[in-house]
Amino acid sequence: MGTSTLPDALFGSVQYHPIIYSCRHHDPIQFFAVKSHSTIYRRRSGGKRVLFADACLCKPRHVVFSSMDDSTEALTDFSDDGDGNSLGRSKVVGIDVDELLATRKSLSDAQDRNETIEKERDQLLEKLARSEAKQKEYLSTVMHDKDLAISELEAAKALFNRKLEESLEEKFNLESKLVLAKQDAVELAVQVEKLAEIAFQQATSHILEDAQLRVSAAEASAAEAAFQIEEQIRTASEGAITYVLQQSKDAIGKALAVAESAGDHTTNAMTTFVDNMDQVDEIISVQSQNIKLSNTVNYLESQLLVYKNEIDRLKLELKQARKEAKAYELRANDIEKLLLEFQESSRKAALQQEEEIKSSLEKMRKDAMEKKKAASKAFKLELERMKAAIEAAKETARSQDEVYMRRCEALQRSLRAAEAAWQTWRQRAEMAEDLLLRKSSSEEGDEEVIYCVNGGRIDFLMDDDSLKWRLLTDGPRRPTPEWMARRIRSIRPRFPPRKTHVSEVMTSGFKTLDLPKPEEVWSIAQEKLKEGDALVEHVIEKEVIEKKRKALERALQRKTVKWQRTPEETKLESGTGTGREIVFQGFNWESWRRQWYLELANKAADLSRCGITAVWFPPPTESVAPQGYMPSDLYNLNSAYGTLEELRSCIEEMHNQDLLALGDVVLNHRCAHKQSPNGVWNIFGGKLAWGPEAIVCDDPNFQGRGNPSSGDIFHAAPNIDHSQEFVRRDIKEWLNWLRNDVGFDGWRLDFARGFSGGYVKEYIEASNPAFSIGEYWDSLAYEGGNLCYNQDAHRQRIVNWINATGGSSSAFDVTTKGILHSALHNQYWRLIDPQGKPTGVMGWWPSRAVTFLENHDTGSTQGHWPFPRDKLTQGYAYILTHPGTPVIFYDHFYDFGIRDVINELIEARRRAGIHCRSPLKIYHANNDGYVAQIGDTLVMKLGHLDWNPSKEVHLDGTWQKFVDKGPEYQVWLRQ
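It should be emphasised that the depicted structure is a prediction, and the values quoted were computed from it without experimental measurement.

Novice: Can you help me understand the overall build of the protein chain in this one?
Specialist: For the protein chain, the count of helices and strands is 20 helices and 25 strands. Pairs at least 24 apart in sequence give 67% of the contacts found in the protein chain among residues at least 6 apart. Total accessible area on the protein chain is roughly 56,200 Å²; 54% of this is exposed by carbon and sulfur atoms.

Novice: Help me out: how do you make sense of the environment of Ala689 in this one?
Specialist: The residue Ala689 is located in the loop between strand S13 (681-683) and helix H13 (725-742) in this model. In this structure the C-alpha to C-alpha distance between Ala689 and His673, which are 16 residues apart in sequence, comes to 9.2 Å.

Novice: Looking at this model, I keep getting lost on the environment of Gln796. Mind explaining?
Specialist: In this structure, Gln796 sits in helix H15 (residues 792-804). Accessibility expressed as a relative area gives 32% for Gln796, which makes it partly exposed.

Novice: Would you explain the sheet that holds strand S20 (residues 885-889) in this entry?
Specialist: Strands belonging to one sheet form pairs held by backbone hydrogen bonds; the direction of such a pair is parallel or antiparallel. Overall, parallel pairing links the 8 strands, which are arranged S9-S10-S11-S14-S15-S18-S19-S20 in a closed barrel. Ignoring which end each strand starts from, the neighbouring axes of this sheet average 25° apart. Looking at chain direction, strand S11 (residues 660-665) and strand S14 (residues 746-749) are connected through 4 bridges and run parallel. Paired with Gly663 across the bridge in S14 is Trp747.

Novice: Just checking my understanding: could you explain the pattern of salt bridges for this structure?
Specialist: Where charged atoms from two side chains of opposite charge come close, those side chains can pair. Applying the stated criterion across every chain yields a total of 28 salt bridges. Across the salt bridge formed by Glu645 and Arg648, the nearest N and O atoms sit 3.6 Å from each other. Separated by 3 residues within a single helix, Glu645 and Arg648 lie in helix H12 (residues 644-656), roughly one turn from each other. Judged by its relative accessible area of 52%, Glu645 is exposed. On the basis of relative accessibility, which here comes to 23%, the residue Arg648 falls in the partly exposed class. When salt bridges that share partners are traced, they join Asp664, Arg748, Asp750 and Glu775 into one network.

Novice: Can you walk me through unusual backbone geometry in this structure?
Specialist: It is generally the case that most residues other than glycine have a negative phi and that most peptide bonds are trans. Phi at Asp658 takes a positive value of approximately 60°, unusual for a residue other than glycine. Structurally, Asp658 can be placed in the loop between H12 and S11. Since its relative accessible area comes to 32%, Asp658 is described here as partly exposed. For Ser860, which is not a glycine, the phi torsion comes out positive at approximately 55°. Structurally, Ser860 is set in the loop between strand S19 (849-851) and helix H18 (872-879). We classify Ser860 as buried; its relative accessible area is 10%.

Novice: How should H13 be read in this particular structure?
Specialist: Residue pairs spaced three or four apart in an α-helix point in one direction, given the helix's 3.6 residues per turn. Between its terminal C-alpha atoms H13 stretches 25 Å, which fits the 26 Å expected from 18 residues at 1.5 Å a residue. Those residues of H13 lying buried are Val727, Arg728, Asp730, Ile731, Lys732, Trp734, Leu735, Trp737, Leu738 and Val742. Those residues of H13 that are buried lie in contact with H12, S11, S14 and helix H14 (757-767). Immediately downstream of H13, the backbone of Gly743 shows phi near 115°, a positive value.

Novice: In this structure, what is going on with the environment of Leu361? I would like to understand it.
Specialist: Among the secondary structure elements, Leu361 is positioned in helix H2 (residues 280-420). You can call Leu361 partly exposed: its relative accessible area is 22%. The spacing of Leu361 and Leu188 is 173 residues in sequence and 9.9 Å in space, taken between C-alpha atoms.

Novice: How do you make sense of a negative patch on the surface when you look at a structure like this?
Specialist: A grouping of Asp109, Asp112, Glu115, Glu118, Asp122 and Glu126 is seen on the molecular surface, where their side chains present a negatively charged patch. For Glu126, the position within the fold is in helix H1 (residues 97-273). Since its relative accessible area comes to 48%, Glu126 is described here as partly exposed.

Novice: Would you mind showing me how to read the sheet that holds strand S21 (residues 920-925) here?
Specialist: Overall, antiparallel pairing links the 5 strands, which are arranged S21-S22-S23-S25-S24 in an open sheet. Every interior strand has two partners, whereas the edge strands, S21 and strand S24 (959-964), have only one. With strand direction ignored, the average angle separating the axes of adjacent strands in the sheet is 20°. Most of the contacts of H18 go to strand S23 (residues 938-943), to which it runs at about 150°, and overall it touches strand S22 (929-934), S23 and strand S25 (969-974). Helix H20 (residues 899-912) contacts S23, S24 and S25 of the sheet and is inclined by roughly 30° relative to S25.

Novice: Any chance you could explain the nonpolar core here in plain terms?
Specialist: Side chains that are nonpolar tend, in soluble globular proteins, to be buried together. Core analysis: the largest hydrophobic core is formed by 117 residues, its most contacted members being Phe617, Tyr876 and Leu942. Looking at which element gives the most residues to this core, the answer is H13, with 7 residues. Sequence-distant contacts of Tyr876, that is, excluding residues within four places in its chain, are made with Leu853, Val887, Ile888, Phe889, His892, Ile898, Ile902 and Leu905. Formed by 8 residues, the second largest nonpolar core is a distinct cluster that contains Tyr923, Val931, Trp959 and Trp972.

Novice: Which parts of the structure should I look at to understand a positive patch on the surface?
Specialist: Together, Lys315, Lys319, Lys323 and Lys326 make up a positively charged patch on the protein surface. Relative to the helices and strands, Lys326 resides in helix H2. Judged by its relative accessible area of 57%, Lys326 falls in the exposed class.

What counts and how
- Residues numbered from 1 in each chain as written.
- Predicted model: local features only at pLDDT ≥ 70, side-chain atom pairs only at ≥ 80, totals over all residues.
- Heavy atoms only, no water.
- Helix = DSSP H or I, 4+ residues; strand = E, 2+ residues; numbered from the N terminus.
- Contact = heavy atoms within 4.5 Å.
- Areas by Shrake-Rupley, 256 points an atom, 1.4 Å probe, with all protein chains shown as cover.
- Buried < 20%, exposed > 50% of the residue type's maximum accessible area, 1.4 Å probe, protein only.
- Pairing = 2+ DSSP bridges.
- Axes fitted to C-alpha atoms, helices over the stretch in contact; angles between N-to-C directions.
- Salt bridge = Lys/Arg side-chain N within 4 Å of Asp/Glu carboxyl O.
- Expected span 1.5 Å × (residues − 1).
- Patch = residues over 30% accessible without salt bridge, like charges linked within 9 Å, V, L, I, M, F, W, Y side chains within 5 Å.
- Lys, Arg positive; Asp, Glu negative; His and termini not counted.
- Charge placed at Lys NZ, Arg CZ, Asp CG, Glu CD.
- Core = buried A, V, L, I, M, F, W, Y, C linked by side-chain atoms within 4.5 Å.

Below is the structure:
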């Protein structure tokens, strides 16, 4: 049996249905339903083909055909399911009736099967509908999941930003904690050193007192014993001698008297011997008395010998007492030697302890650095993860942008398709318009009547050139996407109800369509990116532009303020500036470890915006010590802080921001380059090649041949003799080079105690700086470990130095700093002297007082005299609201987290117009607090004193609280 084959060109027009076979085993029957012009081929076994063609349009129908093995026999029958047209007219002679009946039966069976198949098809269609519904549900679920993913992405982005802020805040906290730990360690070391020194002093003082008491007691006992012995010897010898002399005198007198009487008797006897021989017995008795007298004299001589022996014994005892006194003296010397040895051992122990403390501090610093590195590493890892999340977010945003652009392109294609259909719709509209105009020729005078067709959706009285006409005529006739329908519904009003008849149109009160403008309808094609869809770079660029705009506004405001300044405010006085300076120390003790000039230049704009007027630079010269305070070649400005070009660039940036640049110049001492023939480092090199004649002669370490020093000796380096004419000439040339060529505007004079202020006056007059500060730092007065209230002697020494400069230079108010250390611990009575003025240099000469809390020596990593950490804000509230020139330390402003507090106080100082000569009146100063009025427009309070301007009868006007920090400090400004 042959099979019918269709050419490939007919596959697009033939619809296949299930094939039904006949009952014969060798005659399968195939059915086709032809949609349009059908062409069916029948190929016989011999290769011949029979073509049946239907030249008319027809509905689908079943075509049944059969072919036999015999080429001469053929059976062809067609059954049409449609309109009754069939190909049954074609028959072949010789068909059996039974076979025809069987064929018809098979046809009916095939029809039954076809019905069953149609039912199955309906079921499949229902399943397809359900699957489509499920697909739509799945699509909605996918869209919901997409929205959830977008929301989760936004939440992740917000979480990332929050984590980033937290990590930055944690980093800042760790850095502040590290600084606090360093400061606490330094304070602990200082306290331990002080305690060790106090303990050593107490121990040595006790031992010295005990030894001195013992020595004095021994000396007193020895002197007393010697005195007693001498007294005993003197009294005994005097008594014995007087007694012996008296006895001897008496015996001799008696003997002489007896001798005289005996002589008289002898004479008488001799005269009477002849006469009387009876007196012989009398002579014998006289002789016996003489013998007795001689015995008495012998006895007295023996007694005298006894007393002499006693005197010799007492002399021996005196010698022995003197020997004992010498022994006591030797013991005292031994005790003194032991005391010196103990002092030496104590000093060594203190040094060893100091070394241990330093090693522990170094260990703590290393641990802190390791922790910092670990934290930094963790932060970097977290940052990498965040960057990956950002990249993923960027990729998601990029894909969203691509989808959005594809959507816009689809909209543009739809718009172009609508424009292509515009001509057809316009022609139809013109035909309808002509029809309506012919029917309404009788109503030409009624201009208010509007005719609408197409259900009230087309207004034919609009201008042909109007874009509204274009919008209405080529409106979409294909299904509108849901997103576009929502967009259009959101921006246009609803159309009027659809009219079903022309009479309704004629009687309708609707006049015209209030349609939106086409640019409003199709603005989605030109719609810009939404805020949520914008890339991160766009947001960053927007923020940068906003920051630049604000910076420009602040710069313009600063220029305006500068133009509005009075001549008094802008007038510069040599060495002391305008009186409204606020100085910023732009470095600390560790700044040399980084490229500091480059970092400082980047902060110039920020400092200017905050109200700073002058920046104190580190020492610029080449130095033996990296910090710069051991200078060698003064003309070599390539230091650890940066090169000469970087320094000039940094100073230029300061000048661009209206900031003064103050150079830290070390004029007291200078390190030598070479050794003298006897091995002493006192030969200088570089451009200023001085010799030993430039060194003071009373410097004990460097064998100077100059004049004696006019100040204190700095023992670490050769002290320069400023009395030499060539020295002063070279220094003045160097300062002028720094001023004119490098660009510095003023000076900070290091170790001003080392030479006379008269030389400073000469240097300032020669270099003409805009501002000058001298460092005259010595110890305050203490009693029993506590600060004395009266510090007049201390501030008098600073004032004397300023007087020596002729008032051409200011000086650091070290007195006020030391007093604030104790006063802010509820001892505010220290802030007022008996005359009602401040107790520092500020109270005597405020225009030359430069107030500060810490610098690179007192604070930073040195910590020689750190300000109490918990009182920093109170300290700045005091110096920034009082007369004098305040100095802000770099660490406090950028590392300690009190920058906003300092900025707030600077703004209060600026608004109140406070300067270095502002009048000051102190109202209260006791244990509870401190209250003062500065100028006419500012009142401030320190401490927990219950006070406000309304409680002070001497304060008139209206006062507004500008800063309120509770019990720490409060500031009011007059309205």
